[in-house]
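Survey of secondary and tertiary structure
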Amino acid sequence: MSNKPEKDLHLPLSRVKTIMKSSPEVDAVGPEPLYLVTKCTELFVMDLARRSFINSHNSLDYKHIADVVQEDDTLDFLREIIPRKITVREYKELMARKSTKANPDDSSETSSDEESEENSDSNQEDNQEEQES
Amino acid sequence: MAEKLEDLNLPLTVVSRIVKEALPEGVSLSKEGRTGLAKAASVFVLYITSAATNIVKNSKRKALTGQDVIDAMADIEFDRFVEPLKETLEQYKLQASAKKSASSKKKDDGEDVEIIEEE
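Everything numeric in this text was worked out from a predicted model, so none of it was measured.

**Focus on the confidence of the model for chain A**
Residue and element names in this part refer to chain A. Looking at chain A, pLDDT values average 80 and 72% of them are 70 or higher. Within the model, the stretch residues 1-6 combines pLDDT values under 50 with 16 contacts to residues more than four positions away or in other chains. Here residues 106-125 is modelled with pLDDT under 50, and outside its nearest four sequence neighbours on either side it reaches 14 contacts, counting other chains as well.

**So, the UniProt feature "domain: Transcription factor CBF/NF-Y/archaeal histone" (unreviewed entry) in chain A**
UniProt records the feature "domain: Transcription factor CBF/NF-Y/archaeal histone" (unreviewed entry) for residues 10-52 of chain A in the present numbering. Structurally, residues 10-52 of chain A comprises 72% helix and 0% strand, and the distance from its first C-alpha atom to its last is 21 Å.

**A look at the packing of helix H2 (residues 31-53) of chain A against helix H4 (residues 82-105) of chain B**
For the pair H2 of chain A and H4 of chain B, interaxial distance at closest approach is 10 Å and the crossing angle is 140°. On the basis of their axis angle, the class for H2 of chain A and H4 of chain B is oblique. For the pair H2 of chain A and H4 of chain B, the sense of crossing is right-handed. Between H2 of chain A and H4 of chain B, the contacting residues are Pro 31, Glu 32, Tyr 35, Leu 36, Lys 39, Cys 40 and Leu 43 of chain A on the first element and Pro 84, Leu 85, Thr 88, Leu 89, Tyr 92 and Lys 93 of chain B on the second. Residues that form the contact of H2 of chain A with H4 of chain B fall into these classes: nine nonpolar, one polar and three charged.

**Observations concerning the side chain of Ser 16 of chain B**
Residue and element names in this part refer to chain B. Tracing the chain through its elements places Ser 16 in helix H1 (residues 12-22). Classification of Ser 16 as buried rests on a relative accessible area of 12%. If sequence neighbours within four positions are ignored, Ser 16 has contacts with Leu 29 and Arg 34.

**Brief notes about the interface of chain A and chain B**
Contacts between chain A and chain B engage 55 residues on the former and 64 residues on the latter. On the chain A side of the interface with chain B, the three residues burying the most area are His 10, Ile 19 and Leu 36 of chain A, jointly 12% of the side's total. Our count for the chain A to chain B interface comes out at three salt bridges. Among the ionic pairs, Lys 85 of chain A bridges to Glu 32 of chain B, the shortest N-O distance being 2.5 Å. Across the chain A-chain B interface, the total number found is twelve residue pairs in polar contact (both at pLDDT 80 or more). Looking at the side of chain A that touches chain B, the elements that each hand over two or more residues are helix H1 (13-21), H2, strand S1 (59-60) and helix H3 (62-71) of chain A. With 20 residues, H2 of chain A is the single largest residue contributor to the side of chain A that touches chain B. Residue classes in the side of chain A that touches chain B are distributed as 29 nonpolar, eleven polar and 15 charged. Alignment of S1 of chain A against strand S1 (residues 28-29) of chain B, held across two bridges, turns out to be parallel. Residue pairing in the sheet places Leu 60 of chain A in a bridge with Leu 29 of chain B of S1 of chain B.

**A look at the layout of surface pockets**
Taken as a whole, the largest pocket spans an internal volume of roughly 360 Å³. Taken together, 17 residues make up the lining of the largest pocket; nearest its centre are Asp 27 and Ala 28 of chain A together with Lys 62, Ala 63 and Leu 64 of chain B. Those elements that provide at least two residues to the lining of the largest pocket are H2 of chain A together with helix H2 (31-58) of chain B. A class-by-class count of the residues in the lining of the largest pocket yields eight nonpolar, three polar and six charged.

About the criteria used
Residues numbered from 1 in each chain as written. Chains lettered and ligands numbered in written order. Predicted model: local features only at pLDDT ≥ 70, side-chain atom pairs only at ≥ 80, totals over all residues. Heavy atoms only, no water. pLDDT = per-residue confidence, 0-100. Contact = heavy atoms within 4.5 Å. UniProt positions renumbered as here; feature names shortened; annotations may be inferred. Helix = DSSP H or I, 4+ residues; strand = E, 2+ residues; numbered from the N terminus. Axes fitted to C-alpha atoms, helices over the stretch in contact; angles between N-to-C directions. Parallel < 35°, antiparallel > 145°, perpendicular 65-115°, else oblique. Left-handed = near helix turned anticlockwise from the far one by under 90°. Nonpolar A, V, L, I, M, F, W, Y, C, P; charged D, E, K, R; others polar. Buried < 20%, exposed > 50% of the residue type's maximum accessible area, 1.4 Å probe, protein only. Buried area = accessible area lost by both parts, 1.4 Å probe. Salt bridge = Lys/Arg side-chain N within 4 Å of Asp/Glu carboxyl O. Polar contact = N/O pair within 3.5 Å; in protein donor to acceptor, adjacent residues only side chain to side chain. Pairing = 2+ DSSP bridges. 1 Å grid on protein atoms, 1.4 Å probe; cavity = no way out; pocket = protein on both sides within 12 Å on 5 of 7 lines; lining within 4 Å. Points joined across faces, edges and corners; volume = space filled by probe spheres on them.

Set out below in structure tokens:
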């Protein structure tokens, strides 16, 4: 191993810098914060992979990652990026349930709590639908 | 600046290598799993960037420092990364200052100075 600090990293600093700069609040990124963000992202990938692996047997798949993301509140920022997949049948059932709920004649009274849950469900469905194909 | 959208993704081969290092030998990573982790990593970069720039803004400074990145970890409840990152920062500072003194001794040798000069 050489002494160069950048040799301890796997991810390309230049790419991480591009991603950081794509944020409108950032104009310049010094080498020190860039190094730390890169290192930190590597730690994050390893951590997420290890935690997802606990539920997988010998093959780490998308669904194991999605499960961890949905269960851990600190990973809330990933929920729309890595939604759980559902089958077409589950999706249709969900839509069917929703349409009966939406019809005021069928459901006697929906509390406001239930309604807000429905709303967040429908947001997720859009993502899940994209994952299906 | 990002010219193409792909520039905002992290290289998949590198992501696989990191994952392979983290997991026991012989574990396979599916294609979708790999893309998922790579996407998660890109979004994570933006997530910490914004948490760290918030700290900078609140303290009315301008430049982002390594310590801001560490403080941001605590803010987003990734406290488990704080200790390892403190070590990383210390090592980085040691190496950077060693490099600085080495390059000031032999100024004509421009080989080693790139990371210090990089803005």
